[in-house]
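Single-letter residue listing:
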Amino acid sequence: MFLKKLCEFDCVSGNEKAVRDYIRNEIYQYADEIVIDSIGNLIVKRTGVSSKKTVMLDAHTDEVGFIISGITDKGFLEFKTVGGIDTRVIISKRVRVGKNKIPGVIGIKAIHLLEKSERNEVPKIKSLYIDIGASSKEEAEKYVELGDYAAFDTEYEDLTDDLIKAKAIDDRAGCAILMELIKEKPKYDTYFCFSAQEEVGLRGAKIAVNRIKPDIALAIEATTSSDVAPSEEKDYVIRLGNGAAVSFADGATIASEEFYKKLLSVAEEEGIKAQTKAAITGGNDAGAIHLAQGGIKCATISVPCRYIHSPAGIASKADIDSVKQLAGAFLRRIDEFY
Amino acid sequence: MMLERLTQSFGPSGREKEITQVISEYVTPFSDEVYTDALGNLIAHKKGNGKKIMLAAHMDEIGVAVTYIDEKGFLRFSKIGGLYQRRLLNRRVRFSNGFTGVIDTEENNKDYNIQKMYIDIGATDREQAEKMVSVGDMAVFEGEYKEEYGVIISKALDNRAGCYILIKVLEQIKSENDIYFCFTSQEEVGLRGAKAAAYSVNPEYALAVDVTDTGDTPNCPKMAVNLGGGAAVKVMDRSVITNPDVRIKLIELAKKNNIPYQLEIMTDGGTDAGAIHTSREGVKTGGVSVPTRYIHSPSEMVSKKDLEACIKLIKAFCESNL
């Protein structure tokens, strides 16, 4: 319900205000305490039946995108990427620039003008630019300033009854799940943390965790579904449609064996579809959370998403529901996780 | 005996349960309290009214984690810690439940791409393999313990040698200082355990006790550390420039007590000292290292004399007036 709206915000790392305000307004009624901290984390506390323990649920609000770093004499915008973006997926894509969402296209020399050798090369980011149709620097400056962000211009669409196409499923899917889970009164004091700046190095979560000081934490994420041609089956990290992806380890965290196995067994007991995320790559807020303070028990459950960090990802509503169910079961059965 | 048991116990990064139990047995009789934390660090506390000192030796070892089981029962895997891909072929790995596997590759040209390597556990198909191991299970490299002519050869001397030294210091120490013997987790994947332990212990001084490379084998990179040359007092590595007060104190103590020592600058690799010295508002941190040949192989080699020197030097440091 929230997902369509969430995925259409343009909130590249450091510019999360719009999505943060939306989330805040939607869940205001369930909050016992709301803090927006210095970096832009939205931290919403729901008081539990008991205050003996503190639980943290994390999803990040930011998305990958671009920041305008220069304007050429001819009115083209130079840019830098914000977060991990593969240059090959951005060429000729539509973007929205700045507060006023000026439409633009990421331009490159057309095929007719390419040298033969250039056709086999991945172009450098430096050779790309955003074209907003301005004919001069002066004209462009009327619409865009240095430091403005640009985000992918992608509509949310239902591809089938189950599959959706959108940008920023990483991690608005997680945000949507947290917005649902906050509706139920938790057993213990639970902080729903909508973290900023994950894509540039887990920066929001790193601070939030020191404010929350949880006893246990769970990161809700979106992660690479590699079940696509030309990957071989052995290289599949997770598969779309196979349910909630539980990580045993990624590039930033090794989950405690008891914790991730308990998540898998709870999924089995409750009839929730789940799979093990089978690659030690990437990293998410759990990486910052588990090392904070004197060390915090933390695991990750992810929504499988194809074409992550691109203008258009594909995810399954059933998978999103599985992640929600499993995170919900975690909150309900929290005592079993200590 | 103790060092043999330590090196042969199972404990890849993040899966340190078995090695934790073994070390607990050794440290409990000599400690005022022993506890573990959320990261899996094992901390033995010997109380005192003096300075608060953290001694850190990581107990995890490098290994592999299963990422996929194919229909014929072969396993695909990821690295846990820094593995040399070209040295993996035909090495044996052991899972915590005792099953053994052999690493090989599907490539003929042997360009050592880990994506093309697999572990053969002798299973006939996926079904049988899944009864033996699961995706997410970790395994460690096999490497028997041998002791002869004053040297020890084994797997996981990085850093069970450091754990051994800490246990020996704990057994022998007589000090007014307040000392935390931290057997840290997850060092090999980025000093993760030490980061949490340093925060919770909140020490004034710290020593990281780990292995260091040597520069005394044929045609190896130049380095002024020799096997058998004594305890290596760390000057710097990739993660830390040690605190001068601590470094100078260690050198003075070595000279005063006739403990053989050498100075260590290791350009390749970091240690827990890196995480500890930048914890909270900063910790005066040094390092004492065991010169070790063939680090991250199943046949790491240390000298017994060097182990003794490290024990004496760290004990002297903990008993000194800081």
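Numbers given for residues are sequential positions, taken from 1 along each chain in its written order. Numbering of ligands from 1 and lettering of chains from A proceed in the order in which they are written. Only residues with pLDDT of at least 70 get local features here, since the model is predicted, and only at 80 or more are side-chain atom pairs given and counted; chain-wide, interface and lining totals rely on the full set of residues.

**Some words on helix α2 (residues 17–27) of chain B**
Residue and element names in this part refer to chain B.
And then number 1: The complete set of buried residues in α2 reads Ile19, Val22, Ile23, Tyr26 and Val27. The buried residues of α2 all sit within an arc of 125 degrees when viewed along its axis, so they share a single face. In α2, the exposed residues that point more than 90 degrees away from the buried face are Gln21 and Glu25.
And then number 2: Against the buried residues of α2 lie α1 (2–8), β1 (33–36), β2 (42–46), α4 (157–172) and β12 (178–184). To assign burial, the other C-beta atoms lying within 10 Å of each residue's own C-beta are counted, with C-beta atoms placed from the backbone; 20 or more indicates buried, 12 or fewer indicates exposed, and intermediate counts indicate partly exposed. Only runs of H or I of at least four residues qualify as helices and only runs of E of at least two qualify as strands under DSSP, and these elements are numbered from the N terminus. Directions from the helix axis toward the C-beta atoms define the arc. Throughout, a residue-residue contact means that the two C-beta atoms, derived from backbone geometry, are no farther apart than 7 Å.

**Examining the interface of chain A and chain B**
And then number 1: Every contact between the two is made by 17 residues of chain A and, on the other side, 22 residues of chain B.
And then number 2: Charged means Asp, Glu, Lys or Arg here, nonpolar means Ala, Val, Leu, Ile, Met, Phe, Trp, Tyr, Cys or Pro, and polar covers whatever is left, Gly included. Looking at the side of chain A that touches chain B residue by residue, the class counts come to eight nonpolar, five polar and four charged.

**Some words on the domain arrangement of chain A**
Residues and elements named next belong to chain A.
And then number 1: Each assigned domain of chain A is listed with its residue range as follows: domain 1 (3–63 + 167–337) and domain 2 (65–152).
And then number 2: An automatic or database domain assignment provides the domain bounds reported here. Of note, the centres of domain 1 and domain 2, computed from C-alpha atoms alone, are 31 Å apart.
And then number 3: The residue makeup of the side of domain 1 that touches domain 2, split by class, is three nonpolar, four polar and four charged.

**Re the environment of Gly193 of chain B**
All names here are of chain B.
And then number 1: Turning to its location among the elements, Gly193 is positioned in helix α5 (residues 192–201).
And then number 2: Residue Gly193 is classed as buried on the basis of its C-beta count, with 32 C-beta atoms lying within 10 Å.
And then number 3: Filtering out sequence-adjacent residues up to four positions away, Gly193 remains in contact with Leu39, Gly40, Asn41, His58, Thr184, Ser185, Gln186 and Glu187.

**Quick notes on the sheet that holds strand β10 (residues 146–148) of chain B**
Strand pairing within a sheet occurs via backbone hydrogen bonds; the two strands may be parallel or antiparallel.
Residue and element names in this part refer to chain B.
And then number 1: The strand order across the open sheet built from three strands is β10-β11-β18, with neighbouring strands paired in antiparallel fashion. Each having just a single partner strand, β10 and β18 (300–303) make up the two edges of the open sheet. Neighbouring strand axes in the sheet, compared pairwise and without regard to direction, differ in orientation by 20 degrees on average.
And then number 2: Should DSSP find at least two bridges between two strands, the strands are regarded as paired. Bridge analysis of β10 against strand β11 (residues 151–154) gives three bridges, and the strand direction is antiparallel. Note that in β11 the partner of Glu148 across the bridge is Val151.
And then number 3: Lines fitted to C-alpha atoms define the axes here, with helix axes fitted over just the stretch in contact, and angles between the N-to-C directions of these axes take values from 0 to 180 degrees. Along the sheet face, α4 touches β11 and β18 and points at about 30 degrees away from the line of β18.
And then number 4: Strand contacts of helix α8 (residues 304–319): β11 and β18, with the helix running at about 65 degrees to β18, the strand carrying the most contacts.

**Some thoughts on the nonpolar core**
Residues and elements named next belong to chain B.
And then number 1: Judged by nonpolar contacts, the single largest core of 209 residues is most densely connected at Leu55, Leu313 and Ile314.
And then number 2: When residues in this core are grouped by element, the largest group, nine residues, is from α4.
And then number 3: Sequence-distant contacts of Ile314, defined by excluding residues within four places in its chain, comprise Leu55, Ile165, Val169, Leu207, Val209 and Val288. One nonpolar core equals one set of buried Ala, Val, Leu, Ile, Met, Phe, Trp, Tyr and Cys residues connected by C-beta atoms within 7 Å.

**Some details on the environment of Leu146 of chain A**
Residue and element names in this part refer to chain A.
And then number 1: Within the secondary structure layout, Leu146 lies in the loop between α3 (137–143) and β9 (149–152).
And then number 2: With 12 C-beta atoms packed within 10 Å, Leu146 lands in the exposed category.
And then number 3: As a C-alpha pair, Leu146 and Ile67 span 79 residues in sequence and 8.0 Å in three-dimensional space.
And then number 4: Dropping the residues within four chain positions of it, Leu146 is found in contact with Ile68, Ser69 and Gly70.

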